[in-house]
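Summary of the model geometry
For reference, the chains in residue letters:
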Amino acid sequence: MERTIIINIGRLAGILPEGVTRLCGSEMAKVETIEKAWLLAENGRIADFGRMDKLPDLQAEVVDARGGTVLPAFCDSHTHIVFADSREDEFVDKIRGLSYEEIAKRGGGILNSADLLHQTSEDALYEQAMCRAKEIMAKGTGCVEIKSGYGLSTEDELKMLRVVRRIKESSPMEVRANFLGAHAVSRQYAGRQGEYVDLVINEMMPRVAAEGLADYVDVFCDKGFFTPEETARILEAGAKYGLKGKIHGQELADSGGVEVAVAHKALSVDHLESMTDRDIELLRDSQTMPTALPGTSFFLNMDYAPARKMITSGLAVAIASDYNPGSTPSGDMKFAVSLACIKMRLLPEEAINAATINGAAAMGLGHEAGSITRGKLANLIITRPIKSLNFIPYAYTTPIIDRMVLRGKCVE
């Protein structure tokens, strides 16, 4: 049995009882802690924890937290880290005043990334993506969802998802794969969107399922992209292959994304910058997790999702990075937590819960990750000594991570 015991923890934070897989509304404003604590991991999972004055005497590898805070690693439920090269030229276009939609209409955006990815070998793509995976891990992420969607052809979508599989096999993070063939309509199918949807359903999806390459299926249901009716078709097809639904929705307009997500019991509906009061009501009795991406709003200078209103209305809310080359070239979940506080008016406790337990729930992994709970994965952040949890979002560029523990082991 592999055992690791972390001692001299100044503050053990994010404790939840077994069986709690998400937090809603006012529940999000509390983070349970133990001062001067220890935590035991066995075979990669949290076995026990308590106060230092009741430290057990057992044989284990010892990790000294040196007074730092230990909290669950971030659970980033929305990333696109498998991509071929950056798009900083479009960054300059944005500075000059072009919108996301205008750049896309000029052949940039997702289609630009698809062109670059087509020209890049699987091995080169894997090397680039693993650099980003290591980057987000060093910044505190222990559980991550990675989407395809820059292939837009059967072979290139499969190439992306095979890269995700290789990351899963070689990284200590908990990795989940999302098939996002309906991210945009490829250049080859311009003006033939219905035929492209047929391609996603009838050719791409069976191949993805045959190789067991994805856990979820996703659709960009928004103005200028896919309609609610097309989204419903894709989600229904995915369900036949055991792929759980997720949706990009309400980013650019009131697109009907929330309605179709709730109707099809999607795990999450993400973005929500154009969310309406009706959407909040639709989500109230649903298990679909509304997921805000504050880094996108920051980078694109657009409205932020109404996370404060959602929580006040009693909803659960998750926060994710949306790390991608066009609209959010950052996977720093600590910065996303800071933005949630500064721009969305979340309390630090709410933002931390949104980035941990509720981020796990947005991937259907609330039973596996996102909190200090006996039996869950021992995916943990050990910080340098900090005065309080408030310091994490307050000091928005200050490095606070001393070490990462993934599956019960310290990682570089």
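Structure first, text after, so check above.
Residues numbered from 1 in each chain as written. Predicted model: local features only at pLDDT ≥ 70, side-chain atom pairs only at ≥ 80, totals over all residues. Heavy atoms only, no water.

**Considering the overall build of the protein chain**
Within the protein chain, the regular secondary structure consists of 15 helices and 16 strands. Relative to a compact globule of 412 residues, whose C-alpha radius of gyration would be 22 Å, the protein chain shows 21 Å and is just as compact. Along the first, second and third principal axes, the C-alpha atoms of the protein chain reach 70 × 45 × 45 Å. Of all 412 residues assigned to the protein chain, the portion counted as buried reaches 60%. Considering only contacts within the protein chain whose residues lie at least 6 apart along the sequence, 74% involve residues at least 24 apart. In the protein chain, 47 side chains carry a positive charge and 57 a negative one; their mean positions are 4 Å apart. (Helix = DSSP H or I, 4+ residues; strand = E, 2+ residues; numbered from the N terminus. Rg over C-alpha atoms; globule rule 2.2 N^0.38 Å. Buried < 20%, exposed > 50% of the residue type's maximum accessible area, 1.4 Å probe, protein only. Contact = heavy atoms within 4.5 Å. Lys, Arg positive; Asp, Glu negative; His and termini not counted. Charge placed at Lys NZ, Arg CZ, Asp CG, Glu CD.)

**Overview of the nonpolar core**
Grouped burial of nonpolar side chains is what soluble globular proteins tend to show. Core analysis: the largest hydrophobic core is formed by 105 residues, its most contacted members being Val82, Ile167, Phe179, Ile234 and Met310. When residues of this core are assigned to their parent elements, the largest contribution, eight residues, is made by helix α6 (residues 193-210). In this structure isoleucine 167 touches Val82, Tyr126, Ala129, Met130, Ala133, Ile146 and Val175, once residues within four positions along its chain are discounted. Among the nonpolar cores identified, the runner-up in size contains 18 residues, and Ile34, Ala37, Leu39 and Ala378 belong to it. (Core = buried A, V, L, I, M, F, W, Y, C linked by side-chain atoms within 4.5 Å.)

**Some words on the side chain of threonine 288**
Within the element layout of this structure, threonine 288 appears in the loop between α9 (277-284) and β12 (289-292). Of note is the side chain of threonine 288, whose polar atom sits 2.7 Å from the backbone oxygen of alanine 266. The residues contacting threonine 288, other than those within four sequence positions of it, are Ala261, Val262, Lys265, Ala266, Leu267, Ser268, Val269 and Leu283. (Polar contact = N/O pair within 3.5 Å; in protein donor to acceptor, adjacent residues only side chain to side chain.)

**Notes on the packing of helix α4 (residues 122-138) against helix α5 (residues 154-170)**
For any two helices packed against each other, the geometry is given by the interaxial angle and the distance between the axes. Axis separation between α4 and α5 bottoms out at 9 Å; the angle between their running directions is 50°. By the criterion of interaxial angle, the relationship of α4 to α5 is oblique. The crossing of α4 and α5 is right-handed. Along the contact surface, α4 presents Glu122, Asp123, Leu125, Tyr126, Ala129, Met130 and Ala133, while α5 presents Lys159, Met160, Arg162, Val163, Arg166, Ile167 and Ser170. Of the residues in the contact of α4 with α5, the class split is eight nonpolar, one polar and five charged. (Axes fitted to C-alpha atoms, helices over the stretch in contact; angles between N-to-C directions. Parallel < 35°, antiparallel > 145°, perpendicular 65-115°, else oblique. Left-handed = near helix turned anticlockwise from the far one by under 90°. Nonpolar A, V, L, I, M, F, W, Y, C, P; charged D, E, K, R; others polar.)

**Digging into the pairing of strand β8 (residues 174-182)**
Burial analysis of β8 places nine of its nine residues in the buried class, which makes it a mostly covered element. Two elements, strand β7 (residues 141-147) and β8, share five bridges in a ladder whose sense is parallel. Pairing of isoleucine 146 across the sheet is with alanine 177, part of β8. Sheet analysis places β8 next to strand β9 (residues 216-221), joined by three bridges and oriented parallel. Directly across from phenylalanine 179, in β9, lies its bridge partner valine 217. Following the chain from β8 across α6 to the adjacent parallel β9, one finds a crossover that is right-handed. (Pairing = 2+ DSSP bridges. Right-handed = clockwise from strand over helix to strand, strands pointing away.)

By themselves, these observations are geometric and do not establish any function.
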